[in-house]
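Inside the fold
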Amino acid sequence: MAGEVHGMVEKRGVGLWLSHVFMLLGVFVIFFPIWLAFVASTVTQPEITNPPMPVWPGDQFWVNYKNALFSGINVPVATMLMNSMVMAVGIAVGKIVISLLSAFAIVYFRFPGRTTFFWLIFLTLMLPVEVRIVPTFEVVAGFGMLNSYAGLIFPLIASATATFLFRQFFLTIPDELAEAARVDGASPMRFFWDIVVPMSRTNVAALFVILFIYGWNQYLWPLLITTDPEMNTIVMGIKQMFPSGDDFAHWPTIMATSILAMIPPVIVVISMQRLFIRGLVDSEK
């Protein structure tokens with residue numbers, strides 16, 4: 001019996017050791033290209049173009065990042081980061097607010113055709129912005145929203161997925177809460193803000209992370225409606241920095257821009273991670 005237990009412990013120990021080895025190997029495979037990009041952003045142009053490329057940071061960190069942030073190649077990276085931040089936050093907040101309100105109306109209000117309206121909203125999943133990009137562009141241009149934050153944000157803030165997720169969560173809220181709020185004389189919007197929204201905070205946190213990254217990574221729509229370089233987003237800027245034909249590419253600036261473009265999404269994921277995990281393990285949710 002003791003031998004069997006000892007063998008099980010040994011097998012478990014070997015399995016745990018192997019799982020850690022594969023995990024570290026996966027981390028290395030994912031992190032190594034990012035490390036090389038960071039190294040390339042801290043050295044000079046000849047050190048990158050003349051092999052072998054260094055694998056340890058150089059002494060040009062402040063020079064390259066200052067050049068990228070405040071000078072850039074076409075537009076200062078600080079300007080593009082601001083544009084991307086406004087767009088990503090606007091899309092995430094707009095999608096969440098509209099989805100919360102629409103899901104609340106569908107679940108808690110009785111009106112003719114509410115199920116039909118819900119499925120019509122859900123069917124818009126088959127019509128992403130890439131499919132309806134021409135009529136959407138005509139509408140935005142007709143309202144004079146080209147080269148503006150409104151044009152970047154408003155056509156992308158409707159979200160059938162978020163509406164569906166909030167609807168499913170609202171259906172799990174006990175009816176007794178709504179009845180108690182009605183007995184206490186609370187209006188529907190008071191019930192929404194004081195009870196429904198606080199209970200949805202973990203869902204909101206998880207969706208905010210997903211939708212922020214969705215907005216941050218947008219490329220086609222900003223490329224289509226912005227002609228002013230000052231309205232470029234960071235994803236557009238990185239693509240425009242790459243050389244075409246015989247153009248010269250300053251790789252330290254490009255790599256510094258790429259590293260800077262990764263920082264805001266990483267900060268959002270890390271800052272929202274605790275609330276998101278709490279929503280997965282909290283038994284009171």
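This one's a predicted model, so the numbers in the text were calculated from it and none came from an experiment.

Some thoughts on the overall build of the protein
Each helix and strand counted, the protein has 14 helices and zero strands in total. Listing each helix as α and each strand as β along the protein from the N terminus yields α-α-α-α-α-α-α-α-α-α-α-α-α-α. For the protein, the C-alpha radius of gyration of 25 Å lies well beyond 19 Å, the compact-globule estimate for 285 residues. Counting only residues that meet the buried cut, the protein has 35% of its 285 residues in that class. The contacts in the protein between residues at least 6 apart in sequence include a share of 72% that link residues at least 24 apart. Carbon and sulfur atoms make up 71% of the accessible area of the protein, which amounts to about 17200 Å² in all.

A look at a nonpolar patch on the surface
On the surface, a nonpolar cluster with roughly 900 Å² of combined accessible area is contributed by Val 14, Trp 17, Leu 18, Val 21, Phe 22, Leu 25, Phe 28, Val 29 and Phe 32. Here Trp 17 shows up in helix 1 (residues 2-40). Relative accessible area serves as the criterion here: at 58%, Trp 17 is assigned to the exposed category.

Regarding unusual backbone geometry
Its identity as a non-glycine residue notwithstanding, Asn 147 has a phi of 55°, on the positive side. Relative to the helices and strands, Asn 147 is located in the loop between helix 6 (133-142) and helix 7 (149-153). On the basis of relative accessibility, which here comes to 27%, the residue Asn 147 falls in the partly exposed class.

Let's talk about the packing of helix 4 (residues 77-108) against helix 13 (residues 234-241)
Their axes nearest at 8 Å, the elements helix 4 and helix 13 cross at an angle of 140°. Viewed along their axes, helix 4 and helix 13 adopt a mutual orientation that is oblique. In contact with Val 77, Met 80, Leu 81 and Ser 84 of helix 4, helix 13 contributes Ile 234, Val 235, Gly 237 and Met 241. Classifying every residue of the contact of helix 4 with helix 13 gives six nonpolar, two polar and no charged.

Regarding the side chain of Gln 45
Summarising the element assignment, Gln 45 is placed in helix 2 (residues 45-49). A distance of 2.9 Å separates a polar side-chain atom of Gln 45 from the backbone nitrogen of Trp 251. Setting aside residues no more than four positions away along its own chain, Gln 45 makes contact with Phe 248, Ala 249, His 250, Trp 251 and Pro 252.

Description of the nonpolar core
Core analysis: the largest hydrophobic core is formed by 46 residues, its most contacted members being Val 77, Ile 96, Phe 166, Phe 170, Phe 208, Phe 212 and Ile 234. Those residues within four positions of Ile 234 in sequence are excluded, and the remaining contacts are Val 77, Met 80, Leu 81, Ser 84, Trp 216, Thr 257 and Ala 261. Core analysis: the second largest hydrophobic core is formed by 13 residues, Val 129, Ile 157, Trp 221 and Ile 225 among them.

A few points about the packing of aromatic side chains
Under the counting rule described, the total for this entry stands at 23 aromatic pairs. Consider the rings of Phe 122 and Phe 164, whose centres lie 5.2 Å apart with planes at 50°: the pair is tilted. In this pair, Phe 122 sits in helix 5 (residues 114-123) while Phe 164 sits in helix 8 (residues 160-170), placing the two residues 42 residues apart along the sequence. Owing to a relative accessible area of 27%, Phe 164 belongs among the partly exposed residues under this scheme. Centroid distance Phe 169 to Phe 170: 6.1 Å. Interplanar angle 55°. Geometry classified as tilted. Note on accessibility: Phe 169 and Phe 170 belong to one class, buried.

Quick look at the pattern of salt bridges
Close approach of charged atoms allows side chains with opposite charge to pair. Going through the model one piece at a time under the given rule, you end up with two salt bridges. A salt bridge links Arg 182 to Glu 179; the nearest nitrogen and oxygen atoms lie 2.9 Å apart. Residue Arg 182 and its partner Glu 179 are both found in helix 9 (residues 175-183); the two are separated by three residues, about one turn of the helix. By relative accessible area, which is 53% here, Arg 182 ends up exposed.

Looking at the confidence of the model for the protein
Averaged over the protein, the pLDDT score is 84; the fraction of residues at 70 or greater is 90%. The weakest mean pLDDT in the protein belongs to helix 1 at 76; the strongest belongs to helix 4 at 92.

Here's the deal with the side chain of Thr 257
Among the secondary structure elements, Thr 257 is positioned in helix 14 (residues 251-281). When residues no more than four places from it in sequence are discounted, the contact partners of Thr 257 are Ala 68, Val 77, Ile 234, Ile 238 and Met 241.

Definitions and cut-offs
Residues numbered from 1 in each chain as written. Predicted model: local features only at pLDDT ≥ 70, side-chain atom pairs only at ≥ 80, totals over all residues. Heavy atoms only, no water. Helix = DSSP H or I, 4+ residues; strand = E, 2+ residues; numbered from the N terminus. Rg over C-alpha atoms; globule rule 2.2 N^0.38 Å. Buried < 20%, exposed > 50% of the residue type's maximum accessible area, 1.4 Å probe, protein only. Contact = heavy atoms within 4.5 Å. Areas by Shrake-Rupley, 256 points an atom, 1.4 Å probe, with all protein chains shown as cover. Patch = residues over 30% accessible without salt bridge, like charges linked within 9 Å, V, L, I, M, F, W, Y side chains within 5 Å. Salt bridge = Lys/Arg side-chain N within 4 Å of Asp/Glu carboxyl O. Axes fitted to C-alpha atoms, helices over the stretch in contact; angles between N-to-C directions. Parallel < 35°, antiparallel > 145°, perpendicular 65-115°, else oblique. Nonpolar A, V, L, I, M, F, W, Y, C, P; charged D, E, K, R; others polar. Polar contact = N/O pair within 3.5 Å; in protein donor to acceptor, adjacent residues only side chain to side chain. Core = buried A, V, L, I, M, F, W, Y, C linked by side-chain atoms within 4.5 Å. Phe/Tyr/Trp six-rings, centres within 6.5 Å; stacked < 30°, edge-to-face > 60°. pLDDT = per-residue confidence, 0-100.

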